[in-house]
Amino acid sequence: MKNYKIALLKGDGIGPEIVTQAVKVLNRAAERFGFTISYDEALLGGSAIDATGVPLPPETIEKCKATDSTLLGAVGGPKWDSLPGNLRPEAGLLGIRGALGLFANLRPAKIFEQLREASPLKAEIIGDNLDIMVVRELTGGIYFGERGRRTVNGAEAAYDTEMYSVPEIERIARVGFRMAEKRDGRLCSVDKANVLESSRLWRATVARIGKEEYPDIKLSHMYVDNCAMQLVRNPKQFDVIVTSNIFGDILSDEASMISGSIGMLASASLSEGKSGLYEPIHGSAPDIAGTGLANPLATILSAAMMLRYSLEEPQAAQAIEDAVSEVLKTARTADISAEGIWQVTCEEMGDMVCGLL
Ligand code: ATP
Ligand code: MG
């Protein structure tokens with residue numbers, strides 16, 4: 001029987017509660033689909049600061065590198081807010097992403113049929129089904145370019161630079177094309193090639209990879225300002241979007257809010273190999289930690305993404321996603337509660353997803 005090794009970084013706030021539910025669901029899926037999972041827990045964020053003095057202990061990096069993939073809850077909280085930047089929980093998060101070489105960030109923005117009323121968009125704009133995947137470059141571009149301060153005409157000035165190399169663009173483009181192959185066969189590459197030189201290289205490189213390696217994928221290009229507008233005007237036109245670090249940061253937040261439910265949104269960050277880091281997009285929600293109010297579904301859906309993209313268990317992934325869809329008909333956590341539908345705790349939600357599996 002296949003055995004997978006997963007590193008668990010439960011983190012702070014609601015992190016431990018939601019990861020515990022996701023583990024329960026993973027174990028149930030493993031049982032049903034005939035594989036086993038062993039877990040290795042490690043510290044990250046505030047809990048790591050309390051235990052070791054730093055947000056990312058070297059042992060955590062080693063453990064994550066030694067496993068097939070990593071599942072992360074959330075980090076941070078008011079307790080650590082007054083620490084200097086490089087010692088805060090969030091620094092641990094950036095550190096682990098860098099240490100694992102995660103260059104591609106996948107953010108699905110999906111509206112579950114049962115939660116359509118949560119979307120800020122009108123029903124006729126959403127249509128029957130809305131399911132977008134934003135693929136964001138995560139380790140290059142303006143967030144990592146040369147920056148500094150200088151004096152210009154006697155005034156203080158600051159600058160940041162955007163730079164992408166052809167290999168960097170090629171590898172993120174391939175992630176986008178492969179994603180399109182697995183989904184609807186359409187890829188939209190987003191840039192600002194009418195203004196930025198880095199975007200012109202981006203567009204030419206994505207177009208060449210498409211022509212040479214993925215001739216069957218329908219590739220389109222769009223300027224980022226237009227894309228921001230189209231996402232709320234006519235989001236149905238998109239399936240997979242591939243874009244740079246800064247544009248992806250903004251567009252993935254915009255796209256995900258179309259669903260209206262922060263407790264439902266999963267994410268994956270991938271490296272060159274098969275392994276990845278999977279986490280909900282929401283934070284550690286310290287205001288509701290320990291109350292049973294946390295929605296574990298974003299973490300459960302992140303675990304499903306792990307099964308699909310890192311562990312080659314797509315059937316188990318699909319079964320979890322189907323179970324989540326199904327459970328919403330009868331039970332909801334407080335954040336997505338609706339009249340006439342049973343309100344359950346974090347743990348009860350985990351149990352119900354397991355039951356449906
Ligand atoms: P961070 O800076 O870590 O992103 P944040 O304060 O911006 O944190 P969140 O921690 O994501 O944002 O929380 C924002 C609000 O959404 C909070 O009121 C929180 O209680 C709620 N929330 C976030 N995640 C969940 C969840 N899984 N279930 C229920 N409510 C949640
Ligand atoms: Mg936040």
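Residues numbered from 1 in each chain as written. Chains lettered and ligands numbered in written order. Predicted model: local features only at pLDDT ≥ 70, side-chain atom pairs only at ≥ 80, totals over all residues.

Asks: Explain the overall build of the chain to me, please; I cannot follow it from the model alone.
Replies: On a plain count of helices and strands, the chain comes out with twelve helices and 14 strands. Here the chain has a C-alpha radius of gyration of 21 Å; the compact-globule value for 357 residues is 21 Å, and the two agree. Its C-alpha atoms give the chain principal-axis dimensions of about 60 × 50 × 45 Å. Relative to its full complement of 357 residues, the chain shows a buried share of 48%. Put simply, of all contacts in the chain between residues at least 6 apart along the chain, 75% involve residues at least 24 apart. (Helix = DSSP H or I, 4+ residues; strand = E, 2+ residues; numbered from the N terminus. Rg over C-alpha atoms; globule rule 2.2 N^0.38 Å. Buried ≥ 20, exposed ≤ 12 C-beta atoms within 10 Å, placed from the backbone. Contact = placed C-beta atoms within 7 Å.)

Asks: Just to check I follow, could you spell out the UniProt feature "site: Important for catalysis" (unreviewed entry) in the chain for this structure?
Replies: Within this structure's numbering, the places UniProt gives as "site: Important for catalysis" (unreviewed entry) are Y143 and K192. Relative to the assigned elements, Y143 resides in the loop between β5 (130-137) and β6 (147-152). Within the secondary structure, K192 is located in the loop between β8 (186-191) and α7 (197-213). (UniProt positions renumbered as here; feature names shortened; annotations may be inferred.)

Asks: Mind showing me how you'd approach the pairing of strand β2 (residues 35-41) here?
Replies: Along any regular strand the residues' side chains alternate between the sheet's two faces. As defined by bridge partners, strand β1 (residues 2-11) adjoins β2 across seven bridges and the pair is classed as parallel. Across the sheet, A7 pairs through a bridge with D40, a residue of β2. Taking the sense of rotation as the criterion, the β-α-β connection linking β1, helix α1 (residues 15-33) and β2 turns out right-handed. (Pairing = 2+ DSSP bridges. Right-handed = clockwise from strand over helix to strand, strands pointing away.)

Asks: Sorry, what's going on with α1 here?
Replies: Turn by turn, an α-helix covers 3.6 residues, leaving residues three or four places apart pointing in a common direction. With 19 residues, α1 extends 27 Å between its outermost C-alpha atoms, agreeing within 8% with the 27 Å of an ideal straight helix rising 1.5 Å per residue. Those residues of α1 lying buried are G15, E17, I18, V19, Q21, A22, V23, V25, L26, R28, A29 and A30. Two residues or fewer past α1, G34 is found with a positive phi of approximately 75 degrees. (Expected span 1.5 Å × (residues − 1).)

Asks: Can you help me understand the site of ligand 1 in this one?
Replies: By nearness alone, 13 residues border ligand 1, and G263, H282, G283, A285 and N295 come closest of all. When the residues that make up the shell around ligand 1 are grouped by side-chain class, the tally is five nonpolar, six polar and two charged. (Near = placed C-beta within 6 Å. Nonpolar A, V, L, I, M, F, W, Y, C, P; charged D, E, K, R; others polar.)

Asks: Help me out: how do you make sense of the sheet that holds strand β9 (residues 218-223) in this one?
Replies: The pairing of strands in a sheet comes from backbone hydrogen bonds and takes either a parallel or an antiparallel form. Reading across the sheet, the ten strands line up as β2-β1-β3-β12-β11-β4-β5-β10-β8-β9 and stay open at both edges, with mixed pairing between neighbours. Looking along the sheet, the strands with just one partner apiece sit at the ends: β2 and β9. Going from strand to strand, the sheet's axes swing by 25 degrees on average, the running direction of each strand aside. Contacts from helix α8 (residues 224-233) reach β8 and β9, with the element oriented near 100 degrees to β9. (Axes fitted to C-alpha atoms, helices over the stretch in contact; angles between N-to-C directions.)

Asks: I would appreciate a short explanation of unusual backbone geometry in the present structure.
Replies: Glycine aside, a negative phi is what most residues show, and trans is what most peptide bonds show. In the Ramachandran plot, A285 falls in the positive-phi region, its phi being about 40 degrees despite a non-glycine side chain. Note that A285 resides in the loop between β12 (276-280) and α10 (297-309). On the neighbour-count criterion, A285 (24 C-beta atoms within 10 Å) is buried.

Asks: Can you walk me through helix α11 (residues 314-327) in this structure?
Replies: If you check α11, its first and last C-alpha atoms are 20 Å apart, about what 14 residues at 1.5 Å a residue would give, namely 20 Å. Those residues of α11 that sit buried are A316, A317, A319, I320, E321, A323, V324 and V327. Against α1, α10, β13 (331-332) and α12 (346-356) lie the buried residues of α11.

Asks: For this particular structure, what's the right way to read the environment of I250?
Replies: Relative to the elements of secondary structure, I250 occurs in helix α9 (residues 245-257). Distance from I250 to V224, taken between C-alpha atoms, is 9.8 Å for residues 26 residues apart in sequence.

Asks: Help me understand the pairing of β6 in this model?
Replies: Of all six residues that make up β6, zero are buried, and the element is exposed over most of its length. With six bridges connecting them, β6 and strand β7 (residues 155-160) associate as antiparallel partners. Note that in β7 the partner of R150 across the bridge is A157. Between the antiparallel neighbours β6 and β7 lie two residues, among them N153 with a positive phi of about 50 degrees.

Asks: How should I be thinking about the packing of helix α6 (residues 166-182) against α7 in this particular structure?
Replies: Geometrically, a packed helix pair is captured by the angle between its two axes and the distance between the axes. One can describe the packing of α6 onto α7 by two numbers: an axis separation of 9 Å at closest approach and a directional angle of 50 degrees. Taken together, the axes of α6 and α7 are oblique relative to one another. Both α6 and α7 take part in a crossing whose hand is right-handed. Taking contact as the criterion, the partners of V166, I169, E170, A173, R174 and F177 in α6 are, on α7, L201, W202, T205, V206, I209, G210 and E213. Its residues assigned to classes, the contact of α6 with α7 shows eight nonpolar, two polar and three charged. (Parallel < 35°, antiparallel > 145°, perpendicular 65-115°, else oblique. Left-handed = near helix turned anticlockwise from the far one by under 90°.)

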